[in-house]
Amino acid sequence: MLRFTKDFNCCKTVSCKNFGVSGSESYIQKSERLGYLSTECKLCGSNPPWINNELVKQVLEEKLEKQFAQKVVGCKKCSPYFLITNTPKSKRHGFTSAGTQRKKCCQCDTVFTLPDFKNSAALKVVLDSLLSKKEIKTAIKESGLSARLYYFYLNKLALIFSNFSRINEEKLLTREYLGMHSEGRLLELSHQRGLYALFSAEIDSGYILLQTHNLTKHLFADEFIYHEKENTLAANIKSYDLEEVLLARYQQNLKRNHFEQLIVGDLKPIVKCNAIYPDKVAYIHFQLLKAFTGKVGTYDHFIEHESTLRSAALMSSYVSIKSTRANVYFFLPFIGGDESLDGKRLGWWNDIWFSNRVGAFCPITCKLKSHPTFTLNKGDAIENFYQYLDKSINKNINSMQVIDNILEIYRALYNYCTPIKGQTAACLLGLSDRTYQPEQLFDKALQQITAE
Ligand SMILES: [Zn+2]
Ligand SMILES: [Zn+2]
């Protein structure tokens, strides 16, 4: 069973004896030496910012339920989560009085009913309204459905697509090797609303595996709720010189109060939910990503050149890093790059950088002496998905539930229906053998989950 990290207040220096060690006697907890709350490690002198473990735990549980527990297939008693626990076999076990197929779990004998998505016509109407990017109010009016029913079918549609995606993704768990690439983005909505989200893609195909945003139904003390005006997102300067771009990013980092102070400007709240800080989203997102890496042989994780993501990615992999099962790298996509950086030391930490045709790489956890051959082929996967979301989403949405639903629907449509240079990400990853039109994907998904 997958274990999530409970205590994030520890040393994040890979070479330090305290790396990933919880409650070491050589820590000064909640130190204020540098003007912000930190966990001071007396062994290496680092001061990683203090993390509210309880907040991370609560939002992590909320996102875990949303991302992996919304199962409408298989025995939920034996396997409540996709990817994390194996779904046991089950056999047919008669029908309900309404004529819906029942099944019996071969492991625990629990009898359950397969989903029956009646009214696929209404589901398709909702799908069409999303594809035509209609205002929700107009979509409801034109669909002939009541508002309550429209949202009911939107929720069902998201369940169908997310279950279909997750069933397919379970095939990735037994791989010898998995490479992942993660970056964060600000998704802007109308009326100055917006959300910060982290995305992870598989590196050879660009298939989007996971997305986590900063909205939550939980309420926390005011200091933990996002209200900021400033923006400290590191942006790439316009330059053809990769080294110059990297140095400018380090400079932007040095202007922060502390290195993990990632804030994304003034955002107006979205109704009936709260926004948390991007750094907490990073800790949550990378813990959830363990669902994909728990059983694979070895894995590499290429993360955006961002200090916040570095700490959070290390905290999700420190056990595997110590046993040399995993490595973490900074990656900066740079189209048209070459091999000019060949172990060059750059920035405040003297990080060692390499470059090739897709961008620049910096090993965070391993010591590379010569120019490595990286397998990351789709360096622009997350930017492509972000652009796709940005142009597909109706910007007037103002509900966390709707945002959750449409993000999962668009993730499936992007992976299975949107060819990039002739092939979809799902085809490249071996999870699909054709490019689907959205309605065909809906039919296929419905057929697959009702047959499981
Ligand atoms: Zn240390
Ligand atoms: Zn069972």
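Quick look at the structure, then. (Residues numbered from 1 in each chain as written. Chains lettered and ligands numbered in written order. Predicted model: local features only at pLDDT ≥ 70, side-chain atom pairs only at ≥ 80, totals over all residues. Heavy atoms only, no water.)

### Considering the pairing of strand β7 (residues 194-202)
With 9 of 9 residues buried, β7 lies mostly within the body of the structure. Across the two faces of β7 the burial is the same, with Gly194, Tyr196, Leu198, Ser200 and Glu202 and Leu195, Ala197, Phe199 and Ala201 all buried. One ladder, built from 9 bridges, connects strand β6 (residues 177-188) with β7; its direction is antiparallel. Bridge pairing in β7 links Met180 to Glu202. In this antiparallel pair of consecutive strands, β6 and β7, the connection spans 5 residues, and His191 shows a positive phi of 55°. Looking at chain direction, β7 and strand β8 (residues 208-213) are connected through 5 bridges and run antiparallel. If you follow Ser200 over to β8, its bridge partner there is Leu210. Taking the residues that link successive antiparallel strands as the turn, the β7-β8 hairpin has 5 residues, and the phi of Gly206 there is positive, at about 80°. (Buried < 20%, exposed > 50% of the residue type's maximum accessible area, 1.4 Å probe, protein only. Helix = DSSP H or I, 4+ residues; strand = E, 2+ residues; numbered from the N terminus. Pairing = 2+ DSSP bridges.)

### Describing unusual backbone geometry
Unlike most non-glycine residues, Asp109 shows phi in positive territory, near 65°. Structurally, Asp109 is set in the loop between β4 (101-105) and β5 (111-113). Even without being a glycine, Lys421 presents a positive backbone phi close to 50°. Looking at where Lys421 falls in the secondary structure, it is placed in the loop between α10 (400-417) and α11 (425-428). According to the relative accessible area criterion, Lys421 is exposed, its value standing at 82%.

### Comments concerning the coordination of the zinc ion (ligand 1)
Binding of the zinc ion (ligand 1) to the protein goes through Cys11 (SG), Cys16 (SG), Cys41 (SG) and Cys44 (SG), at separations of 2.3 to 2.4 Å. Taken together, the 4 donor atoms coordinating the zinc ion (ligand 1) span angles of 101 to 119° at the metal, a pattern that classifies the geometry as tetrahedral. Summarised as a motif, the one-chain spacing of the donors to the zinc ion (ligand 1) is C-x4-C-x24-C-x2-C. Residue classification places Cys41 among the buried residues on the basis of a relative accessible area of 1%. (Donors = N, O, S within 2.8 Å, 3.2 Å for Na, K, Ca; no water. Tetrahedral: all angles 85-135°; square planar, octahedral: opposite > 155°, others 65-115°.)

### Let's talk about the side chain of Asn168
Positionally, Asn168 belongs in helix α4 (residues 147-169). If near-sequence neighbours (up to four positions away) are discounted, Asn168 is found in contact with Tyr416, Leu431 and Gln448. (Contact = heavy atoms within 4.5 Å.)

### Some details on the coordination of the zinc ion (ligand 2)
Metal coordination angles in their ideal form are 109.5 degrees for the four-donor tetrahedron and 90 or 180 degrees for the six-donor octahedron. Every protein donor of the zinc ion (ligand 2) is listed here as Cys75 (SG), Cys78 (SG), Cys105 (SG) and Cys108 (SG), and their distances to the metal cover 2.2 to 2.4 Å. Here the zinc ion (ligand 2) is ringed by 4 donor atoms whose angles at the metal span 102 to 121°, and the overall shape comes out tetrahedral. The exposure class of Cys75 is buried, given its relative accessible area of 2%. Cys108 gets classed as partly exposed once you look at its relative accessible area, which sits at 28%.

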